[in-house]
Amino acid sequence: MIIPLAHRAGQTQEYYFSVKLAEVRKLLAAGHDVINIGIGNPDMMPSVQTLQTLADAAYRPDSHGYQSYKGTPALRQAIARFYAHTYGVDLETETEILPLIGSKEGITHISMTFLNDGDEVLVPELGYPAYRAVSRMVGAVVNEYPLDEQRGWQPDWDSLEARVSDKTKIIWLNYPHMPTGAPASRTLFERFVRFAHDHQVLLCHDNPYSLVLNQKAPISLLSVDGAREVTIELNSMSKSFNMAGWRIGWIAADKPYIDAVLTIKSNVDSGMFKPMMDAAAVALGNSDEWHAERNAVYAGRLEAVHAFLDALHCTYATDQEGMFIWAKLPESVPSAEKLVDDLLYQKHIFIAPGFIFGPKGNRYIRISLCMPKERIWEAVNRLKV
Ligand SMILES: Cc1ncc(COP(=O)(O)O)c(C=O)c1O
């Protein structure tokens, strides 16, 4: 017998990767060489100057105390410079940026800040699982909006319009889109902004992949006319800067939104470690060449991932952005779940099943590019025996 849990703990399931990676660890502990091409955990290093700054800052006596709830001014200035350089968006350093302990926690803070019991949240039918899970945790009602595969996984706007009610408060979007790799476009963002104004809903744009294998200049939703009144944008250093374990992200938005989220967040955590913020500020200045080299490595892995998917007779788009390839299963495969388990236990290869991003993903899988190409080719070879 244990003390009864809150309803939300009973309703929420443990995160898929938290469960599945425990199985992977068991296989590893038993001596099996598992190739993990399931998870988006960058295997490359942060820039050298980032690491040097972290090490140097750790030795300074003023580095170890509590820090401001809003991060250091140097980090916020670096984020503002990054937004100006990358997206042409001007952010006010003092008032329009809130550093986060990874962008994932921002989903919780935003949800706690804006959602009352029974409010409705629109989430893409395929998307990062936390949008759905957190909305439910705070007592909101999740309404999934369809994405149209024929139109490059953009929303099916008629169905989306039909799902809005006077209780709809937030709509989550994320382009470049995870898991489908659909790119962002200015026209798409303009449509979302019109939608938000028409229905008075908050656009929460999750933008961690804008610099990963992007084919055009990266876009921030905040650069679209009229977006500022209705938008909060999350961004992250996990993917584009190879710093997933550092847990550094931020929210960019107009001051009233930042102030409101800070009210909640400042009651939850007590800031971040200063050397990490110093180093993150340096990383944000990584050159365009540094990013291009990182992307060249990912691009060099595509051939192996395509060969892997071809061997499984899957179909996929070749112009996907971000660090994953999304692929459709052939009719001959009974289910993604069975394929994932067969590959894990028979071939010691871990891939992600599409259903963890929503039921529409039942007939899909997602392969990560975060593995040296030699290892991905090894996975291809394992399929042959
Ligand atoms: C779409 C999307 N949003 C947010 C996150 C969370 O990123 P972070 O490491 O900044 O919490 C991820 C991580 O996989 C993601 O894929």
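Residues numbered from 1 in each chain as written. Predicted model: local features only at pLDDT ≥ 70, side-chain atom pairs only at ≥ 80, totals over all residues. Heavy atoms only, no water.

(A) Geometry of the overall build of the protein chain. Scanning the protein chain from N- to C-terminus turns up 13 helices and 15 strands. Taking 385 residues into account, the globule formula puts the C-alpha radius of gyration at 21 Å, and the protein chain, at 21 Å, falls close to it. The C-alpha extent of the protein chain, read off along each of the three principal axes, is 60 × 55 × 55 Å. Burial statistics for the protein chain: of 385 residues in total, 55% are counted as buried. Expressed as a percentage of contacts within the protein chain between residues at least 6 apart in sequence, the contacts between residues at least 24 apart total 74%. (Helix = DSSP H or I, 4+ residues; strand = E, 2+ residues; numbered from the N terminus. Rg over C-alpha atoms; globule rule 2.2 N^0.38 Å. Buried < 20%, exposed > 50% of the residue type's maximum accessible area, 1.4 Å probe, protein only. Contact = heavy atoms within 4.5 Å.)

(B) The sheet that holds strand β8 (residues 202-206), seen in detail. Strand order in the open sheet formed by seven strands is β2-β10-β9-β8-β7-β3-β4, and the pairing between neighbours is mixed. Because the sheet does not close on itself, it has two edges, and the strands there are β2 (97-100) and β4 (141-145). Taking the axes of each pair of neighbouring strands and ignoring which way they run, one obtains an average angle of 20° across the sheet. Strands β2, β7 (168-173), β8, β9 (231-236) and β10 (249-253) of the sheet are contacted by helix α5 (residues 103-114), whose axis makes an angle of about 160° with β9. Its contacts with the sheet put helix α6 (residues 129-137) on β3 (120-124), β4, β7 and β8, and the angle it makes with β3 is roughly 165°. (Pairing = 2+ DSSP bridges. Axes fitted to C-alpha atoms, helices over the stretch in contact; angles between N-to-C directions.)

(C) Structural detail: the sheet that holds strand β11 (residues 315-316). Here four strands make up an open sheet; going across it, the order is β11-β12-β15-β14 and the pairing antiparallel. With one partner strand each, in any of the chains shown, β11 and β14 (352-353) form the two edges of the open sheet. Note: β14 against strand β15 (residues 364-368), two bridges, orientation antiparallel. From the neighbouring strand, Ala352 faces β15, where its bridge partner is Arg366.

(D) Fine view of the state of the cysteines. Inspection of the entire model under this criterion finds zero disulfides. Take Cys314: it sits in no disulfide, and the sulfur closest to it among the cysteines is that of Cys370, at 19 Å. Look at Cys314 and you get buried, because its relative accessible area is 6%. (Disulfide = S-S within 2.5 Å.)

(E) Structural view of the environment of Ala74. Within the secondary structure, Ala74 sits in helix α4 (residues 73-87). A relative accessible area of 38% places Ala74 in the partly exposed class. Expressed as a C-alpha distance, the spacing of Ala74 and Val282, which sit 208 residues apart in the sequence, is 9.3 Å.

(F) A look at the packing of aromatic side chains. Evaluated as defined, the whole model comprises 19 aromatic pairs. With 6.2 Å between their ring centres and 90° between their planes, Tyr16 and Phe355 make a pair best called edge-to-face. With Tyr16 in helix α2 (residues 16-29) and Phe355 in the loop between β14 and β15, this residue pair connects regions lying 339 residues apart in the sequence. For Tyr16, a relative accessible area of 21% gives the class partly exposed. On the basis of an interplanar angle of 65° and a centroid distance of 4.9 Å, the ring pair of Trp157 and Phe192 is categorised as edge-to-face. With Trp157 in helix α7 (residues 157-162) and Phe192 in helix α8 (residues 186-199), this residue pair connects regions lying 35 residues apart in the sequence. Here the aromatic cluster, defined as three or more aromatic residues joined through ring pairs, consists of Phe82, Tyr83, Tyr87, Phe241 and Trp250. (Phe/Tyr/Trp six-rings, centres within 6.5 Å; stacked < 30°, edge-to-face > 60°.)

(G) Local environment of the UniProt feature "domain: Aminotransferase class I/classII large" (unreviewed entry) in the protein chain. When the UniProt feature table is mapped to this numbering, "domain: Aminotransferase class I/classII large" (unreviewed entry) covers residues 33-383. In the segment residues 33-383, helix accounts for 38% and strand for 17%; the C-alpha atoms at its two ends are 15 Å apart. (UniProt positions renumbered as here; feature names shortened; annotations may be inferred.)

(H) Broad picture of empty space enclosed by the protein. Counting across every chain of the model gives one cavity of 30 Å³ or more. Taken together, His177, Met178, Pro179, Gly181, Tyr209, Glu321, Gly322, Met323 and Phe324 form the lining of the largest cavity. Built from parts of two domains, the lining of the largest cavity gets at least three residues from each of domain 1 (7-45 + 288-384) and domain 2 (65-283). (1 Å grid on protein atoms, 1.4 Å probe; cavity = no way out; pocket = protein on both sides within 12 Å on 5 of 7 lines; lining within 4 Å. Points joined across faces, edges and corners; volume = space filled by probe spheres on them. Domains from an automatic or database assignment.)

(I) Up close: the packing of α4 against helix α10 (residues 274-283). With their axes 8 Å apart at the nearest point, α4 and α10 run at an angle of 20° to one another. Considering their axes alone, α4 and α10 lie roughly parallel with respect to each other. Between α4 and α10 lies a crossing of left-handed hand. Within the contact between the two elements, α4 uses Ala74, Leu75 and Ala78 and α10 uses Met277, Ala280 and Ala281. Of the residues that constitute the contact of α4 with α10, the class distribution is six nonpolar, no polar and no charged. (Parallel < 35°, antiparallel > 145°, perpendicular 65-115°, else oblique. Left-handed = near helix turned anticlockwise from the far one by under 90°. Nonpolar A, V, L, I, M, F, W, Y, C, P; charged D, E, K, R; others polar.)

(J) Quick peek at the site of the ligand. Lining the immediate environment of the ligand, one finds 14 residues, of which Asp206, Tyr209, Ser236, Ser238 and Arg247 sit closest. In this structure, Ser238 approaches the ligand through a side-chain N or O atom, which is 2.6 Å from an oxygen atom. Contact with the protein chains removes 92% of the 400 Å² of surface that the ligand exposes when unbound. Its residues placed into classes, the shell around the ligand shows five nonpolar, five polar and four charged. (Near = heavy atom within 4 Å. Polar contact = N/O pair within 3.5 Å; in protein donor to acceptor, adjacent residues only side chain to side chain. Areas by Shrake-Rupley, 256 points an atom, 1.4 Å probe, with all protein chains shown as cover.)

(K) Here's a closer look at the nonpolar core. Phe308, Ile351 and Ile365 are the most contacted members of the largest nonpolar core, which has 75 residues in total. The element that contributes the greatest number of residues to this core is helix α11 (residues 288-311), accounting for seven residues. Taken domain by domain, the makeup of this core includes at least three residues from each of domain 1 (7-45 + 288-384) and domain 2 (65-283). In contact with Ile351, not counting residues within four places along its chain, are Ile37, Gly38, Phe308, Leu339, Val340, Leu343, Ile365, Arg366 and Ile367. (Core = buried A, V, L, I, M, F, W, Y, C linked by side-chain atoms within 4.5 Å.)

(L) Representation of the pattern of salt bridges in the model. Tallying each qualifying case throughout the model produces 21 salt bridges. Measuring nitrogen to oxygen at the nearest pair gives 2.7 Å for the salt bridge that ties Asp341 to Lys20. Linking Asp341 in helix α12 (residues 336-347) with Lys20 in helix α2, this pair joins segments that are 321 residues apart in sequence. Classification of Asp341 by relative accessible area gives partly exposed; the value is 25%. Looking at Lys20, the relative accessible area reads 8%, which means it is buried. (Salt bridge = Lys/Arg side-chain N within 4 Å of Asp/Glu carboxyl O.)

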